[in-house]
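Below, each chain spelled out in residue letters.
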Amino acid sequence: MAGRPTVAVIGAGPAGLATLKALADARVPAVCFDSGDRVGGLWVYGAPGSPAYRTLHLNTSKARTQFADHPMPADWPDYPDHGRVAGWLADYADRFALTGMVRLRHTVDRVVPERGDRWTVHADGPTGPTAVTVDAVVVANGHNRVPRAPDPVAGTSTAKQMHSHAYRSPEQLAGRRVLVVGGGNSAMDIAVDASYAAERTLLSLRRGVWVVPKHLLGRPSDTLNGALARRLPWRLRQRISQGMITAAVGSPTRYGLPAPAHGFLQDHPTLSDGLLSRLSHGEIHPRPGVVALDGDRVTFTDGRTDEVDLIIWCTGYRVEIPFLDPALLGDGADALPLYRHVFHPDVPGLTFVGLVQSTGAAFPLLEAQARLVAAHLAGRYVLPDPARQHADIRAERRAATQRWGQRRPAMRVDFDLYLRQLGRELTAGFRRAARDEGRGVAAAPAGRDG
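Residues numbered from 1 in each chain as written. Predicted model: local features only at pLDDT ≥ 70, side-chain atom pairs only at ≥ 80, totals over all residues. Heavy atoms only, no water.

## Observations regarding the sheet that holds strand β17 (residues 285-287)
Pairing in this open sheet of five strands is parallel, and the strands run β10-β21-β11-β12-β17 from one edge to the other. Looking along the sheet, the strands with just one partner apiece sit at the ends: β10 (160-163) and β17. Neighbour to neighbour, the strand axes of the sheet diverge by 20 degrees on average, direction disregarded. (Pairing = 2+ DSSP bridges. Helix = DSSP H or I, 4+ residues; strand = E, 2+ residues; numbered from the N terminus. Axes fitted to C-alpha atoms, helices over the stretch in contact; angles between N-to-C directions.)

Okay, here's the thing in C-alpha coordinates:
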(Lines give C-alpha, C1' and ligand atoms only; values in the text may rest on other atoms or scores of the structure.)
Protein backbone atom coordinates (compact mmCIF):
# COMPACT_ATOMS: atom_id res chain seq x y z
CA MET A 1 0.00 0.00 0.00
CA ALA A 2 3.03 2.29 -0.20
CA GLY A 3 2.15 5.68 -1.62
CA ARG A 4 -1.59 5.16 -1.28
CA PRO A 5 -3.70 7.94 0.23
CA THR A 6 -5.08 7.71 3.72
CA VAL A 7 -8.80 8.29 4.11
CA ALA A 8 -11.09 9.16 7.02
CA VAL A 9 -14.62 7.76 6.88
CA ILE A 10 -17.14 9.42 9.17
CA GLY A 11 -19.86 7.02 10.27
CA ALA A 12 -19.96 3.23 10.69
CA GLY A 13 -23.54 2.63 9.61
CA PRO A 14 -24.37 0.97 6.29
CA ALA A 15 -22.80 3.80 4.26
CA GLY A 16 -19.58 3.86 6.25
CA LEU A 17 -19.21 0.08 6.29
CA ALA A 18 -19.78 -0.18 2.53
CA THR A 19 -17.13 2.51 2.06
CA LEU A 20 -14.60 0.74 4.29
CA LYS A 21 -15.19 -2.50 2.36
CA ALA A 22 -14.67 -0.80 -1.00
CA LEU A 23 -11.53 0.99 0.22
CA ALA A 24 -10.13 -2.27 1.58
CA ASP A 25 -10.80 -3.99 -1.75
CA ALA A 26 -8.92 -1.16 -3.49
CA ARG A 27 -6.07 -1.38 -0.93
CA VAL A 28 -6.62 2.17 0.25
CA PRO A 29 -5.85 2.54 3.99
CA ALA A 30 -8.70 4.09 5.97
CA VAL A 31 -9.80 4.96 9.48
CA CYS A 32 -13.42 5.36 10.50
CA PHE A 33 -14.97 7.35 13.35
CA ASP A 34 -18.37 6.56 14.83
CA SER A 35 -20.09 7.91 17.93
CA GLY A 36 -21.78 4.58 18.74
CA ASP A 37 -20.42 1.69 20.76
CA ARG A 38 -20.91 -0.79 17.90
CA VAL A 39 -21.21 -0.69 14.13
CA GLY A 40 -24.58 -0.57 12.38
CA GLY A 41 -25.60 3.06 12.77
CA LEU A 42 -29.29 3.80 13.03
CA TRP A 43 -30.23 0.11 12.81
CA VAL A 44 -28.90 -0.57 16.31
CA TYR A 45 -32.01 -0.50 18.49
CA GLY A 46 -31.42 1.40 21.71
CA ALA A 47 -28.15 2.99 20.60
CA PRO A 48 -27.81 6.71 21.42
CA GLY A 49 -29.36 8.77 18.63
CA SER A 50 -30.93 5.80 16.86
CA PRO A 51 -34.56 6.25 15.79
CA ALA A 52 -35.15 2.48 15.61
CA TYR A 53 -38.31 1.27 17.34
CA ARG A 54 -39.18 -2.23 18.51
CA THR A 55 -41.54 -3.01 15.63
CA LEU A 56 -39.28 -1.59 12.90
CA HIS A 57 -38.79 -3.71 9.77
CA LEU A 58 -37.28 -3.03 6.38
CA ASN A 59 -39.72 -1.26 4.09
CA THR A 60 -37.87 -2.56 1.03
CA SER A 61 -37.50 -6.27 0.41
CA LYS A 62 -34.32 -8.11 1.36
CA ALA A 63 -33.66 -9.01 -2.30
CA ARG A 64 -33.58 -5.33 -3.24
CA THR A 65 -31.84 -4.18 -0.04
CA GLN A 66 -28.92 -6.55 0.49
CA PHE A 67 -25.34 -5.80 -0.49
CA ALA A 68 -24.20 -7.60 -3.64
CA ASP A 69 -21.21 -9.11 -1.84
CA HIS A 70 -23.08 -9.94 1.39
CA PRO A 71 -26.57 -11.34 0.68
CA MET A 72 -29.11 -11.71 3.42
CA PRO A 73 -29.85 -15.31 4.45
CA ALA A 74 -32.22 -17.14 2.13
CA ASP A 75 -34.40 -18.32 5.01
CA TRP A 76 -35.09 -14.78 6.23
CA PRO A 77 -38.53 -13.24 5.67
CA ASP A 78 -38.97 -10.78 2.81
CA TYR A 79 -38.95 -7.82 5.21
CA PRO A 80 -36.55 -8.51 8.12
CA ASP A 81 -36.77 -6.66 11.44
CA HIS A 82 -34.19 -4.22 12.79
CA GLY A 83 -32.48 -6.86 14.93
CA ARG A 84 -31.73 -9.06 11.95
CA VAL A 85 -30.52 -6.08 9.91
CA ALA A 86 -28.24 -4.80 12.68
CA GLY A 87 -26.79 -8.29 13.18
CA TRP A 88 -26.29 -8.71 9.44
CA LEU A 89 -24.37 -5.42 9.31
CA ALA A 90 -22.19 -6.53 12.22
CA ASP A 91 -21.54 -9.83 10.38
CA TYR A 92 -20.59 -7.82 7.28
CA ALA A 93 -18.03 -5.86 9.31
CA ASP A 94 -16.59 -9.05 10.81
CA ARG A 95 -16.56 -11.02 7.56
CA PHE A 96 -14.52 -8.39 5.74
CA ALA A 97 -12.34 -7.38 8.73
CA LEU A 98 -13.73 -3.86 8.89
CA THR A 99 -14.24 -3.59 12.64
CA GLY A 100 -10.56 -2.96 13.33
CA MET A 101 -10.70 0.15 11.15
CA VAL A 102 -13.47 1.73 13.24
CA ARG A 103 -12.84 3.94 16.25
CA LEU A 104 -16.06 3.54 18.18
CA ARG A 105 -17.35 6.11 20.69
CA HIS A 106 -15.54 8.83 18.75
CA THR A 107 -17.67 11.85 17.87
CA VAL A 108 -16.28 13.99 15.05
CA ASP A 109 -16.66 17.69 15.84
CA ARG A 110 -14.53 19.34 13.14
CA VAL A 111 -13.16 18.48 9.72
CA VAL A 112 -10.67 21.13 8.68
CA PRO A 113 -9.02 21.57 5.26
CA GLU A 114 -5.25 21.85 5.31
CA ARG A 115 -2.60 22.92 2.83
CA GLY A 116 -1.95 20.56 -0.03
CA ASP A 117 -5.57 19.46 -0.25
CA ARG A 118 -5.31 17.47 2.97
CA TRP A 119 -7.79 17.32 5.84
CA THR A 120 -7.60 17.07 9.62
CA VAL A 121 -10.42 15.26 11.36
CA HIS A 122 -10.92 16.21 15.01
CA ALA A 123 -12.87 13.85 17.23
CA ASP A 124 -13.62 13.39 20.90
CA GLY A 125 -13.20 9.83 22.17
CA PRO A 126 -13.10 7.86 25.40
CA THR A 127 -9.54 9.00 26.14
CA GLY A 128 -10.10 12.61 25.09
CA PRO A 129 -9.65 14.63 21.90
CA THR A 130 -7.85 13.09 18.95
CA ALA A 131 -6.96 14.27 15.45
CA VAL A 132 -5.83 12.59 12.25
CA THR A 133 -4.66 14.23 9.03
CA VAL A 134 -5.62 12.45 5.82
CA ASP A 135 -5.71 12.94 2.07
CA ALA A 136 -9.46 12.51 1.72
CA VAL A 137 -12.64 12.48 3.78
CA VAL A 138 -15.76 10.41 3.12
CA VAL A 139 -18.87 11.77 4.84
CA ALA A 140 -21.10 8.76 5.57
CA ASN A 141 -22.89 9.85 8.73
CA GLY A 142 -26.47 9.46 7.45
CA HIS A 143 -29.26 12.00 7.47
CA ASN A 144 -31.90 10.66 9.88
CA ARG A 145 -30.50 11.89 13.18
CA VAL A 146 -31.77 15.44 13.65
CA PRO A 147 -35.59 15.57 13.96
CA ARG A 148 -37.33 18.26 11.95
CA ALA A 149 -39.75 20.24 14.11
CA PRO A 150 -43.34 20.47 12.86
CA ASP A 151 -44.51 23.66 11.23
CA PRO A 152 -46.02 26.09 13.75
CA VAL A 153 -49.67 25.46 14.58
CA ALA A 154 -51.99 28.04 16.16
CA GLY A 155 -52.71 27.64 19.86
CA THR A 156 -51.19 25.49 22.57
CA SER A 157 -51.77 21.89 23.61
CA THR A 158 -51.85 20.18 26.98
CA ALA A 159 -51.35 16.82 25.28
CA LYS A 160 -47.94 15.22 25.49
CA GLN A 161 -46.01 15.79 22.26
CA MET A 162 -43.07 13.90 20.82
CA HIS A 163 -41.25 13.40 17.55
CA SER A 164 -41.22 9.92 16.02
CA HIS A 165 -37.46 9.91 16.69
CA ALA A 166 -38.32 9.34 20.38
CA TYR A 167 -40.78 6.48 19.75
CA ARG A 168 -39.55 3.08 20.89
CA SER A 169 -42.43 0.69 21.58
CA PRO A 170 -46.24 0.36 21.73
CA GLU A 171 -46.08 0.61 25.53
CA GLN A 172 -45.67 4.36 25.09
CA LEU A 173 -49.12 4.42 23.46
CA ALA A 174 -51.08 2.17 25.80
CA GLY A 175 -54.45 3.56 26.88
CA ARG A 176 -53.89 6.95 25.26
CA ARG A 177 -55.85 8.89 22.68
CA VAL A 178 -53.10 9.15 20.08
CA LEU A 179 -52.74 11.48 17.11
CA VAL A 180 -50.05 10.51 14.60
CA VAL A 181 -49.13 13.29 12.16
CA GLY A 182 -47.37 12.37 8.93
CA GLY A 183 -47.51 10.15 5.86
CA GLY A 184 -44.14 8.41 5.81
CA ASN A 185 -43.24 4.87 6.73
CA SER A 186 -42.62 5.65 10.39
CA ALA A 187 -46.01 7.37 10.70
CA MET A 188 -47.78 4.36 9.22
CA ASP A 189 -45.92 1.91 11.47
CA ILE A 190 -46.63 3.95 14.60
CA ALA A 191 -50.30 4.41 13.69
CA VAL A 192 -50.66 0.65 13.25
CA ASP A 193 -48.94 0.05 16.60
CA ALA A 194 -51.25 2.59 18.22
CA SER A 195 -54.33 0.94 16.75
CA TYR A 196 -53.59 -2.14 18.88
CA ALA A 197 -52.31 -0.42 22.03
CA ALA A 198 -54.04 2.96 22.29
CA GLU A 199 -57.55 3.82 23.39
CA ARG A 200 -58.09 5.63 20.06
CA THR A 201 -55.86 6.36 17.09
CA LEU A 202 -56.05 9.27 14.68
CA LEU A 203 -53.82 9.67 11.61
CA SER A 204 -53.42 13.16 10.17
CA LEU A 205 -52.09 13.75 6.64
CA ARG A 206 -51.77 17.17 5.05
CA ARG A 207 -51.16 15.66 1.63
CA GLY A 208 -51.89 12.34 0.06
CA VAL A 209 -49.37 9.55 -0.38
CA TRP A 210 -49.37 6.27 -2.27
CA VAL A 211 -49.69 3.47 0.26
CA VAL A 212 -48.16 0.38 -1.30
CA PRO A 213 -48.83 -3.12 0.04
CA LYS A 214 -45.62 -5.01 0.71
CA HIS A 215 -46.65 -7.82 -1.65
CA LEU A 216 -48.27 -7.65 -5.08
CA LEU A 217 -49.08 -10.71 -7.20
CA GLY A 218 -47.50 -12.89 -4.54
CA ARG A 219 -44.12 -11.13 -4.68
CA PRO A 220 -42.47 -8.27 -2.77
CA SER A 221 -43.87 -5.20 -4.47
CA ASP A 222 -40.53 -3.49 -5.09
CA THR A 223 -39.26 -6.46 -7.09
CA LEU A 224 -42.02 -5.92 -9.64
CA ASN A 225 -41.04 -2.30 -10.18
CA GLY A 226 -37.43 -3.42 -10.50
CA ALA A 227 -38.39 -5.80 -13.28
CA LEU A 228 -40.22 -3.00 -15.09
CA ALA A 229 -37.28 -0.62 -14.65
CA ARG A 230 -35.06 -2.78 -16.80
CA ARG A 231 -37.38 -2.28 -19.76
CA LEU A 232 -39.47 0.88 -19.40
CA PRO A 233 -39.01 4.61 -18.80
CA TRP A 234 -40.18 5.83 -15.42
CA ARG A 235 -43.30 7.59 -16.72
CA LEU A 236 -44.60 4.34 -18.18
CA ARG A 237 -43.56 2.46 -15.05
CA GLN A 238 -45.52 5.02 -13.06
CA ARG A 239 -48.74 4.38 -14.96
CA ILE A 240 -48.36 0.61 -14.75
CA SER A 241 -47.48 0.67 -11.04
CA GLN A 242 -50.35 3.00 -10.16
CA GLY A 243 -52.74 0.73 -12.02
CA MET A 244 -51.46 -2.34 -10.18
CA ILE A 245 -51.71 -0.65 -6.77
CA THR A 246 -55.20 0.66 -7.45
CA ALA A 247 -56.35 -2.74 -8.69
CA ALA A 248 -54.91 -4.43 -5.60
CA VAL A 249 -56.05 -2.11 -2.81
CA GLY A 250 -58.00 0.75 -4.38
CA SER A 251 -57.38 4.47 -4.19
CA PRO A 252 -56.19 5.99 -0.87
CA THR A 253 -59.42 8.01 -0.87
CA ARG A 254 -61.34 4.76 -0.41
CA TYR A 255 -59.86 4.61 3.09
CA GLY A 256 -60.54 8.24 3.94
CA LEU A 257 -57.02 9.40 3.07
CA PRO A 258 -56.36 12.41 0.83
CA ALA A 259 -55.65 11.76 -2.84
CA PRO A 260 -51.91 11.75 -3.62
CA ALA A 261 -50.74 15.09 -4.97
CA HIS A 262 -48.06 13.43 -7.08
CA GLY A 263 -47.86 10.33 -9.19
CA PHE A 264 -46.27 7.15 -7.94
CA LEU A 265 -42.43 7.20 -8.18
CA GLN A 266 -42.45 10.98 -7.64
CA ASP A 267 -41.95 10.69 -3.89
CA HIS A 268 -40.53 8.19 -1.44
CA PRO A 269 -42.92 5.24 -1.35
CA THR A 270 -44.90 4.46 1.80
CA LEU A 271 -45.15 0.71 2.28
CA SER A 272 -47.56 -0.84 4.74
CA ASP A 273 -49.68 -3.94 4.87
CA GLY A 274 -51.27 -3.11 8.21
CA LEU A 275 -52.39 0.47 7.65
CA LEU A 276 -55.13 -0.09 5.10
CA SER A 277 -56.46 -3.07 7.03
CA ARG A 278 -56.66 -1.09 10.28
CA LEU A 279 -58.29 1.85 8.48
CA SER A 280 -60.88 -0.41 6.87
CA HIS A 281 -61.64 -1.96 10.26
CA GLY A 282 -62.18 1.44 11.85
CA GLU A 283 -59.24 1.05 14.22
CA ILE A 284 -57.42 4.05 12.73
CA HIS A 285 -59.39 7.23 12.06
CA PRO A 286 -58.06 9.36 9.18
CA ARG A 287 -57.90 13.13 9.52
CA PRO A 288 -56.63 15.96 7.29
CA GLY A 289 -53.97 18.45 8.39
CA VAL A 290 -53.84 20.01 11.84
CA VAL A 291 -54.88 23.66 11.91
CA ALA A 292 -55.07 24.52 15.64
CA LEU A 293 -54.38 23.23 19.15
CA ASP A 294 -56.43 24.17 22.20
CA GLY A 295 -55.76 22.32 25.44
CA ASP A 296 -56.50 18.67 24.82
CA ARG A 297 -58.38 19.40 21.59
CA VAL A 298 -57.04 19.39 18.04
CA THR A 299 -58.82 21.12 15.17
CA PHE A 300 -58.31 19.89 11.62
CA THR A 301 -58.61 21.67 8.29
CA ASP A 302 -62.07 20.18 7.68
CA GLY A 303 -63.38 21.75 10.90
CA ARG A 304 -63.53 18.57 12.96
CA THR A 305 -62.08 18.53 16.47
CA ASP A 306 -60.86 15.63 18.59
CA GLU A 307 -59.54 15.18 22.11
CA VAL A 308 -56.05 13.68 22.32
CA ASP A 309 -53.55 12.77 25.03
CA LEU A 310 -50.50 12.25 22.85
CA ILE A 311 -49.37 13.81 19.58
CA ILE A 312 -46.57 12.08 17.65
CA TRP A 313 -45.08 14.32 14.98
CA CYS A 314 -43.64 12.21 12.15
CA THR A 315 -42.19 15.20 10.34
CA GLY A 316 -38.92 13.73 9.15
CA TYR A 317 -35.38 14.92 9.67
CA ARG A 318 -33.12 17.85 8.89
CA VAL A 319 -30.00 17.05 6.91
CA GLU A 320 -27.11 18.37 8.93
CA ILE A 321 -23.35 17.88 8.71
CA PRO A 322 -22.25 19.87 11.75
CA PHE A 323 -18.55 19.05 11.55
CA LEU A 324 -18.09 20.74 8.15
CA ASP A 325 -17.64 24.47 7.65
CA PRO A 326 -21.02 25.83 6.44
CA ALA A 327 -19.15 27.57 3.61
CA LEU A 328 -18.46 24.11 2.13
CA LEU A 329 -22.18 23.28 2.16
CA GLY A 330 -23.49 26.34 0.30
CA ASP A 331 -27.27 26.45 0.61
CA GLY A 332 -27.27 23.48 2.97
CA ALA A 333 -26.42 19.79 3.03
CA ASP A 334 -29.74 18.83 1.42
CA ALA A 335 -29.06 21.19 -1.50
CA LEU A 336 -25.37 20.43 -1.96
CA PRO A 337 -24.47 20.11 -5.65
CA LEU A 338 -22.45 16.91 -5.97
CA TYR A 339 -21.23 15.13 -9.07
CA ARG A 340 -23.15 11.85 -9.25
CA HIS A 341 -24.34 12.70 -5.71
CA VAL A 342 -20.86 11.76 -4.47
CA PHE A 343 -18.06 14.20 -5.36
CA HIS A 344 -17.80 17.86 -4.38
CA PRO A 345 -16.77 19.43 -7.70
CA ASP A 346 -14.87 22.34 -6.13
CA VAL A 347 -13.31 20.79 -3.03
CA PRO A 348 -10.68 18.09 -3.71
CA GLY A 349 -10.79 15.15 -1.33
CA LEU A 350 -14.31 15.72 0.00
CA THR A 351 -16.77 12.97 -0.93
CA PHE A 352 -20.17 11.77 0.30
CA VAL A 353 -21.75 8.33 0.51
CA GLY A 354 -25.43 8.11 1.37
CA LEU A 355 -26.51 11.72 0.83
CA VAL A 356 -29.44 10.60 -1.34
CA GLN A 357 -33.15 9.83 -1.06
CA SER A 358 -34.10 6.88 -3.22
CA THR A 359 -37.37 5.64 -4.67
CA GLY A 360 -36.34 2.25 -3.35
CA ALA A 361 -33.70 0.68 -1.12
CA ALA A 362 -30.55 2.45 0.01
CA PHE A 363 -27.90 -0.21 0.63
CA PRO A 364 -27.10 -1.18 -3.00
CA LEU A 365 -26.72 2.50 -3.85
CA LEU A 366 -24.33 3.00 -0.93
CA GLU A 367 -22.30 0.04 -2.15
CA ALA A 368 -22.10 1.46 -5.68
CA GLN A 369 -21.19 4.94 -4.46
CA ALA A 370 -18.50 3.48 -2.22
CA ARG A 371 -16.93 1.59 -5.14
CA LEU A 372 -16.80 4.82 -7.12
CA VAL A 373 -15.07 6.64 -4.25
CA ALA A 374 -12.59 3.81 -3.70
CA ALA A 375 -11.69 3.58 -7.39
CA HIS A 376 -11.09 7.32 -7.48
CA LEU A 377 -8.90 7.33 -4.37
CA ALA A 378 -6.94 4.37 -5.73
CA GLY A 379 -6.24 6.33 -8.92
CA ARG A 380 -8.19 3.98 -11.20
CA TYR A 381 -11.19 6.22 -11.78
CA VAL A 382 -10.69 9.78 -13.04
CA LEU A 383 -13.34 12.47 -12.71
CA PRO A 384 -14.30 14.70 -15.62
CA ASP A 385 -13.04 18.26 -15.44
CA PRO A 386 -14.92 20.58 -13.03
CA ALA A 387 -16.77 22.40 -15.81
CA ARG A 388 -18.21 19.11 -17.06
CA GLN A 389 -19.11 18.09 -13.52
CA HIS A 390 -21.01 21.33 -12.93
CA ALA A 391 -22.83 20.99 -16.26
CA ASP A 392 -23.96 17.46 -15.38
CA ILE A 393 -25.03 18.56 -11.90
CA ARG A 394 -27.18 21.34 -13.37
CA ALA A 395 -28.78 18.98 -15.88
CA GLU A 396 -29.58 16.42 -13.18
CA ARG A 397 -31.03 19.12 -10.91
CA ARG A 398 -33.35 20.30 -13.69
CA ALA A 399 -34.56 16.76 -14.34
CA ALA A 400 -35.03 16.07 -10.63
CA THR A 401 -37.00 19.29 -10.14
CA GLN A 402 -39.29 18.37 -13.04
CA ARG A 403 -39.97 15.00 -11.44
CA TRP A 404 -39.94 15.75 -7.69
CA GLY A 405 -40.53 19.49 -7.55
CA GLN A 406 -38.78 21.40 -4.79
CA ARG A 407 -38.73 18.47 -2.35
CA ARG A 408 -34.95 18.10 -2.04
CA PRO A 409 -34.21 17.67 -5.75
CA ALA A 410 -30.47 17.63 -5.06
CA MET A 411 -30.87 14.39 -3.10
CA ARG A 412 -33.52 12.56 -5.12
CA VAL A 413 -32.64 9.52 -7.19
CA ASP A 414 -34.56 6.79 -8.97
CA PHE A 415 -33.18 3.58 -7.49
CA ASP A 416 -32.86 1.57 -10.69
CA LEU A 417 -31.80 4.43 -12.97
CA TYR A 418 -29.20 5.70 -10.49
CA LEU A 419 -27.72 2.26 -9.90
CA ARG A 420 -27.22 1.84 -13.64
CA GLN A 421 -25.81 5.37 -13.90
CA LEU A 422 -23.18 4.64 -11.25
CA GLY A 423 -22.12 1.51 -13.12
CA ARG A 424 -21.72 3.48 -16.36
CA GLU A 425 -19.88 6.25 -14.52
CA LEU A 426 -17.34 3.81 -13.09
CA THR A 427 -16.65 2.45 -16.58
CA ALA A 428 -16.33 5.96 -18.03
CA GLY A 429 -13.92 6.96 -15.25
CA PHE A 430 -11.78 3.88 -15.93
CA ARG A 431 -11.63 4.88 -19.61
CA ARG A 432 -10.63 8.44 -18.70
CA ALA A 433 -7.87 7.04 -16.49
CA ALA A 434 -6.64 4.71 -19.27
CA ARG A 435 -6.72 7.56 -21.77
CA ASP A 436 -4.68 9.78 -19.46
CA GLU A 437 -2.20 6.97 -18.85
CA GLY A 438 -1.86 6.43 -22.59
CA ARG A 439 -1.04 10.12 -23.01
CA GLY A 440 1.51 9.90 -20.23
CA VAL A 441 -0.63 11.89 -17.82
CA ALA A 442 -0.08 10.86 -14.22
CA ALA A 443 -3.13 9.50 -12.38
CA ALA A 444 -4.75 12.09 -10.16
CA PRO A 445 -3.80 11.74 -6.49
CA ALA A 446 -6.52 11.28 -3.94
CA GLY A 447 -9.22 13.89 -4.14
CA ARG A 448 -7.89 15.70 -7.21
CA ASP A 449 -9.92 16.04 -10.38
CA GLY A 450 -8.59 14.27 -13.44
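Don't stop here, the text continues.
## Some points on the pattern of salt bridges
Pairs can form between side chains of opposite charge once their charged atoms are near each other. Applying the stated criterion across every chain, the model contains 24 salt bridges. Its salt-bridge partner being R110, residue D109 comes within 4.0 Å of it at the nearest N-O pair. Between R318 and E320 there is a salt bridge, with its nearest N and O atoms 2.6 Å apart. Its relative accessible area of 32% is what places E320 among the partly exposed residues. (Salt bridge = Lys/Arg side-chain N within 4 Å of Asp/Glu carboxyl O. Buried < 20%, exposed > 50% of the residue type's maximum accessible area, 1.4 Å probe, protein only.)

## Here's the deal with the environment of L20
Note that L20 resides in helix α1 (residues 14-25). Given the relative accessible area of 0%, L20 is considered buried. Considered as a pair, L20 and G49 are 29 residues apart in the sequence and their alpha carbons are 22 Å apart. Look past the residues within four positions of L20 in its chain and what remains in contact with it is V9, A30, C32, L98, M101 and V102. (Contact = heavy atoms within 4.5 Å.)

## Brief notes about the sheet that holds strand β1 (residues 7-10)
With respect to topology, five strands assemble into an open sheet ordered β3-β2-β1-β7-β23, the strand pairing being parallel. Since the sheet does not close on itself, it has two edges, and those belong to β3 (102-103) and β23 (350-352), each with one partner. By the bridge criterion, four bridges tie β1 to strand β2 (residues 30-33) in an arrangement that is parallel. Note on β2: the bridge partner recorded for V9 is C32. Each of β1, β2, β3 and β7 (136-139) touches α1; the most contacted strand, β1, lies at about 160 degrees to it.

## Some words on the nonpolar core
Counting residues in hydrophobic clusters, the biggest one holds 93 residues, and the most contacted among them are V7, L203 and L275. Ranked by residue count, the leading element in this core is helix α9 (residues 363-377), at 10 residues. Of all hydrophobic cores here, the second largest spans 27 residues; its members include V137, L328, L338 and M411. (Core = buried A, V, L, I, M, F, W, Y, C linked by side-chain atoms within 4.5 Å.)

## Some thoughts on helix α3 (residues 82-95)
A rise of 1.5 Å per residue sets the reference length of α3, with its 14 residues, at 20 Å; its end C-alpha atoms lie 20 Å apart and thus fit the reference within 8%. Where the residues of α3 are buried, they touch α1 and α9. After α3 finishes, the residue A97 shows a positive phi value of roughly 55 degrees. (Expected span 1.5 Å × (residues − 1).)

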